[in-house]
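Below are the chains, spelled out letter by letter.
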Amino acid sequence: MEMRQGVLPVSISDFIPLPAGENQYTSEFIESHMAIVLKDTEKYVTVGICKTDSSELRDILSHFHDKRIEYRKLDHDDLSEYLGKLHSRLSEDTFTGNLIGNRKLVLDRIANDAPVINFVNSMIIEAMRKRASDIHIEAFTDTVNIRFRIDGTLAIHNTIDPSLFPAISSRFKIMANLNTMEQRRPQDGRISVHLGDDTQDIRISIIPTARGESLVLRLLNRKSTLPFLVSLGLQNKTLRELQSIVKASSGLILVTGPTGSGKTTTLNSLLREMDQNHKKIITVEDPVEYSLEGINQIQTHEAVGLTFNSVLKRILRQDPDVIMIGEIRDSETANLAVRAALTGHLVLSTLHTNDAVSVIDRLTNMGVQPFMTAAVLKTAMAQRLVRKVCTSCRKKRAVTPAEKKLFNKAGKNPDFIYDASGCSRCGGTGYRGRILIHEYFFMDEVIEQLIADGKRHHEIHTYLQERGTLFLLDDGLDKVIAGITTLSEIETVLVIP
């Protein structure tokens, strides 16, 4: 008799040690169905499952077991963590072959051995569980560092012996259909990993180093939830004006900041604000990070000539209302984007500059005439991502004299601010999640004239300051005072005078 209603939630730790050998499912079955045997007696078997409403899984298990099944509900992260620990160790016994001779055949065989596969799988599972955006695998003389980037910060997750690195590198190359013997030239590829109901897309970059190779894996979960514009951390005035600007029929909207500052997320959140039913929206991206219903998304592929420039020239024939270009990288793309904005299209894109005003100089350096920029630019927004302080363990403290001077200079006068502490919820880091700090300006007749006249950066910045524009530091300090982040976090992304 199976329990179909009121499945009790449990923790795997309550059943350790779990059944093994013939009394346990294979690791492949556990990972694909997120189900595991917790207890096995003569009369019944206790099975932990993550999806309690899956009738298909229950049918499979009912035919597998010849005794009564009692189901218990498992948390997905709990099972992923158990699998990660189960497969987290590799030993030098993995390398039983002689690497002298036909090295490729030996490496390919080792890379397809269960210990290596389990180690690689567990690494990806653990990275997903910890909300990592990137995995860095770096070979050095005496060790191999495996680091996860979580909330923008890199930290060592594991270290392994250098002798184990060739098999791990080869495993990733096999998964991405790359050349397993190539160690002198950079290689790029893509991997799709299926873990239960999740599909994890991974973009892999491999470059040779003096002591081996460096592998960087960018994790792109197809089920990543795109945040609404209202949840990005924009101040109310900014939010209202951006929501108004995206209703424009033509013009250029630019988001700027360093790599990893969330520019693509902001652009996609802006697209989400648009009337997708009555507008033709086309994006050109590298990679496509969010799947958006009702929007035509194009993935660039330079190897077959599918570049930003080649696609942009052709999508204008598709009669689009809105075009989103993942990044303006060169003069040709910049001029194509400006011309599209001039001819009745709303164009959204990103640039790499330190602040919002610098987009004007950047476009000029790319060959766009200042009067053209003045004619099409609707708004420019600069942003940074900072970690949010964990509300469960943050600590209030008095503002120091030096800090008070900084706040006063910005026209603010707090008596106290918060510091990060550390607890189980945030994993001991004192932080959990990230939020935007931003600055932006929208065009008016004065700025248009300043740009058209070729005025310098500081002159435009001074006018915006007089107009009451909110700059990056202002927004950062406001979020420090509100207890959302810390002053030390602001100092990691901004140069504070």
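Please refer to the structure placed before this passage.
Small disclaimer: the values here were computed from a predicted structure and weren't measured.

Participant: So what's going on with the overall build of the protein chain? Which residues, and what values?
Facilitator: Helix and strand counts for the protein chain stand at 17 helices and 19 strands. Overall size of the protein chain, expressed as C-alpha extent along the three principal axes, is 85 × 55 × 50 Å. Taken over 497 residues, the protein chain has a buried fraction of 48%. Residue pairs at least 24 apart in sequence account for 62% of intrachain contacts in the protein chain once pairs closer than 6 positions are excluded. Only carbon and sulfur atoms are counted for the fraction: they give 48% of the accessible area of the protein chain, which is about 24400 Å². In the protein chain, the 61 positive side-chain charges and the 62 negative ones have mean positions that sit 2 Å from each other.

Participant: Hey, could you go over the packing of helix α14 (residues 445–452) against helix α15 (residues 457–466) for me, with residue numbers and the actual values?
Facilitator: For the pair α14 and α15, interaxial distance at closest approach is 10 Å and the crossing angle is 170°. With respect to α15, the element α14 is oriented roughly antiparallel. Contacts between α14 and α15 pair Val446, Ile447, Leu450 and Ile451 from the former with Ile460, Tyr463 and Leu464 from the latter. Looking at side-chain class alone, the contact of α14 with α15 contains seven nonpolar, no polar and no charged residues.

Participant: Can you explain the sheet that holds strand β3 (residues 44–49)? Please cite residues and give values.
Facilitator: Pairing in this open sheet of four strands is mixed, and the strands run β1-β4-β3-β2 from one edge to the other. Single-partner strands in this sheet number two, and they are β1 (8–9) and β2 (35–40). Against the sheet, helix α2 (residues 55–64) engages β2, β3 and β4 (68–73), with an angle of about 145° to β4.

Participant: I'd love a proper account of the pattern of salt bridges, names of residues and values included.
Facilitator: The final tally for this structure, using the stated rule, is 21 salt bridges. Between Arg131 and Asp151 there is a salt bridge; the shortest N-O distance is 3.3 Å. Here Arg131, found in the loop between α5 (114–129) and β5 (132–139), pairs with Asp151, found in the loop between β6 (144–150) and β7 (153–160); they are 20 residues apart in sequence, far enough to count as distant. A relative accessible area of 38% means that Arg131 is categorised as partly exposed.

Participant: Go over the environment of Val389, please, and point to the residues and values.
Facilitator: You can see Val389 is positioned in strand β16 (residues 377–389). By relative accessible area, Val389 is classed as buried at 5%. For Val389 and Thr486, which are 97 residues apart along the polypeptide, the C-alpha to C-alpha distance reads 6.7 Å. Discounting residues that sit within four places of it in the chain, Val389 has contacts with Arg394, Asp419, Ala420, Gly430, Tyr431, Gly483, Ile484, Thr485 and Thr486.

Reading the values: rules and limits
- Counting restarts for each chain, with residues numbered from 1 along the sequence as it is written.
- The predicted origin of the model limits local features to residues at a pLDDT of at least 70 and limits the giving and counting of side-chain atom pairs to 80 or more, whereas totals for whole chains, interfaces and linings rest on all residues.
- Here the side-chain values reflect all heavy atoms present in the structure, with hydrogen atoms and water set aside.
- Under the DSSP-based scheme used, a helix requires at least four consecutive residues in state H or I and a strand at least two consecutive residues in state E, with every element numbered from the N terminus.
- The buried label applies to any residue whose accessible area, calculated with a 1.4 Å probe on protein chains only, is under 20% of its type's maximum; exposed applies above 50%, and partly exposed to all values in between.
- Any two residues having at least one pair of non-hydrogen atoms within 4.5 Å are treated as being in contact.
- Only the protein chains shown count as covering a residue, and every accessible area follows the Shrake-Rupley method with a 1.4 Å probe.
- Counting rule applied: Lys, Arg positive; Asp, Glu negative; His and chain ends not counted.
- Taken as the charge location is NZ of Lys, CZ of Arg, CG of Asp or CD of Glu.
- Only C-alpha atoms enter the line fits that serve as axes; for helices the fit covers just the stretch in contact. Angles between N-to-C directions range over 0 to 180 degrees.
- Roughly parallel covers angles under 35 degrees, roughly antiparallel covers those over 145, roughly perpendicular covers 65 to 115, and oblique covers all other angles.
- Polar here means any residue other than Ala, Val, Leu, Ile, Met, Phe, Trp, Tyr, Cys and Pro, which are nonpolar, and Asp, Glu, Lys and Arg, which are charged; Gly is therefore polar.
- The pairing criterion is simple: DSSP has to find at least two bridges between the two strands.
- Salt bridge, as used here: a side-chain nitrogen of Lys or Arg that lies within 4 Å of a carboxyl oxygen of Asp or Glu.

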